[in-house]
Amino acid sequence: MKLDNIDFNILRELQEDGRLSNNDLAQRVGLSPSPCWRRVKRLEDEGIVDRYVALLDPEKIGLPIVAYCQVMLEKHQLDQADQFDRMIGERAEVLEYYSMSGDYDFLLKVISRSIKEYEEFQSQFLMRLPVVRSVSTSFVLKQKKHTTRLPLRFVDKTEN
């Protein structure tokens with residue numbers, strides 16, 4: 001799907017406030033409501049707008065501990081990675097999960113109510129998985145920046 005500057009403006013506005021009414025969005029991007037609605041619908045249908053969510057403040061709901069776990073598997077076999085994927089995918093406290101290059105195989109972002117709760121996740125679950133060789137954990141002391149906004153820049157590829 002080819003995106004133009006108006007599409008990028010719509011995406012910027014939706015990243016800032018996904019609850020904008022179509023009329024407000026249309027006004028902000030300089031369109032009338034009908035063409036704006038059609039563009040948003042197209043962006044949704046193409047999967048560029050994946051979903052709309054409410055972002056919660058973890059501390060205000062009792063989840064102040066954020067840990068990043070670096071995990072190494074015993075062996076680099078596809079069936080072990082698949083097993084790990086299934087087990088990690090079921091855990092609600094794992095917010096993000098990445099396959100990595102470098103010194104470790106996976107990076108997990110885990111949230112919890114306390115250090116004790118995190119320790120239970122690591123010792124009673126993660127380290128008991130037969131595919132896990134080692135886990136190294138770093139705890140977030142203070143969040144310096146957090147955004148869900150992607151850096152959108154329109155580049156007109158027809159210009160040279």
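Everything numeric in this text was worked out from a predicted model, so none of it was measured.

**Q** Would you explain the overall build of the protein in this entry?
**A** The helix and strand tally for the protein stands at five helices and four strands. The dimensions of the protein, computed from C-alpha atoms along their principal axes, are 55 × 40 × 25 Å. Split into buried and exposed, the 160 residues of the protein put 28% on the buried side. The contacts of the protein with a sequence gap of at least 6 include a subset with a gap of at least 24, amounting to 64%. When the accessible area of the protein is evaluated, it comes to approximately 11500 Å², of which 49% is carbon and sulfur surface.

**Q** What exactly am I supposed to notice about the packing of aromatic side chains here?
**A** One pair of aromatic rings is described through two measures. These are the centre distance and the angle between the planes. Counted according to the given criterion, the structure contains six aromatic pairs. Measuring from centroid to centroid gives 6.0 Å for Y118 and F121, while their planes differ by 50°, and the two rings are tilted. Of this pair, Y118 and F121 both sit in helix α5 (residues 115-125), separated by three residues, roughly a single helical turn. Of the two residues, Y118 and F121, both sit in the buried class. Each residue in the set Y118, F121, F125 and F139 is aromatic and connected to the rest through ring pairs, giving one cluster. The ring of F125 carries the charged tip of R91 above its face, separated from the ring centre by 4.2 Å.

**Q** Any chance you could explain the pairing of strand β1 (residues 65-73) here in plain terms?
**A** Looking along a regular strand, one sees the side chains alternate between the two faces of the sheet. Two elements, β1 and strand β3 (residues 106-112), share seven bridges in a ladder whose sense is antiparallel. Bridging across to β3, Y68 finds its partner in K109. Direction of pairing for β1 relative to strand β4 (residues 132-139): antiparallel, over a ladder of seven bridges. Within β4, the residue paired with Q70 across the bridge is S136.

**Q** What is the right way to read the packing of helix α1 (residues 5-16) against helix α3 (residues 33-45) from this model?
**A** Helix-helix packing: each pair is described by the crossing angle between the helix axes and the interaxial distance. Where α1 contacts α3, the two axes come as close as 11 Å, and the packing angle between them is 80°. As far as their axial angle goes, α3 and α1 are roughly perpendicular. Each of I6, D7, I10, L11 and L14 in α1 lies in contact with α3, whose residues at this interface are R39, V40, R42 and L43. Grouping the constituent residues of the contact of α1 with α3 by class yields six nonpolar, no polar and three charged.

**Q** In this structure, what is going on with the packing of helix α2 (residues 22-29) against α3? I would like to understand it.
**A** Where α2 meets α3, the closest approach of the two axes is 9 Å, and the angle between their N-to-C directions is 100°. As the angle between them shows, α2 and α3 are arranged roughly perpendicular. The residues of α3 that touch α2, namely those facing N22, N23, L25, A26 and V29, are P33, C36, W37 and V40. When the residues that make up the contact of α2 with α3 are grouped by side-chain class, the tally is seven nonpolar, two polar and no charged.

**Q** Explain the layout of surface pockets here, please?
**A** Any space left empty among the atoms is revealed by the rolling of a water-sized probe across them. In this model, the largest pocket occupies a volume close to 1800 Å³. Here the residues of the lining of the largest pocket are counted per class, giving 21 nonpolar, six polar and 12 charged.

**Q** Looking at this model, I keep getting lost on α3. Mind explaining?
**A** Residue pairs spaced three or four apart in an α-helix point in one direction, given the helix's 3.6 residues per turn. With 13 residues, α3 should cover 18 Å at 1.5 Å per step; its first-to-last C-alpha distance of 18 Å lies within 8% of that length. Of all the positions in α3, only C36, R39, V40 and L43 are classed as buried. Buried residues along α3 cover an arc of 95° about the axis, so they all sit on one side. In α3, the exposed residues that point more than 90 degrees away from the buried face are R38 and D45. Taken together, the buried residues of α3 touch α1 and α2. The first or second residue beyond α3 is G47, which carries a positive phi of 85°.

Rules used in this analysis
Residues numbered from 1 in each chain as written. Predicted model: local features only at pLDDT ≥ 70, side-chain atom pairs only at ≥ 80, totals over all residues. Heavy atoms only, no water. Helix = DSSP H or I, 4+ residues; strand = E, 2+ residues; numbered from the N terminus. Buried < 20%, exposed > 50% of the residue type's maximum accessible area, 1.4 Å probe, protein only. Contact = heavy atoms within 4.5 Å. Areas by Shrake-Rupley, 256 points an atom, 1.4 Å probe, with all protein chains shown as cover. Phe/Tyr/Trp six-rings, centres within 6.5 Å; stacked < 30°, edge-to-face > 60°. Lys NZ or Arg CZ within 6 Å of the ring centre and 35° of its normal. Pairing = 2+ DSSP bridges. Axes fitted to C-alpha atoms, helices over the stretch in contact; angles between N-to-C directions. Parallel < 35°, antiparallel > 145°, perpendicular 65-115°, else oblique. Nonpolar A, V, L, I, M, F, W, Y, C, P; charged D, E, K, R; others polar. 1 Å grid on protein atoms, 1.4 Å probe; cavity = no way out; pocket = protein on both sides within 12 Å on 5 of 7 lines; lining within 4 Å. Points joined across faces, edges and corners; volume = space filled by probe spheres on them. Expected span 1.5 Å × (residues − 1). Arc of directions from axis to C-beta.

These values are about where atoms sit, not about what they do.
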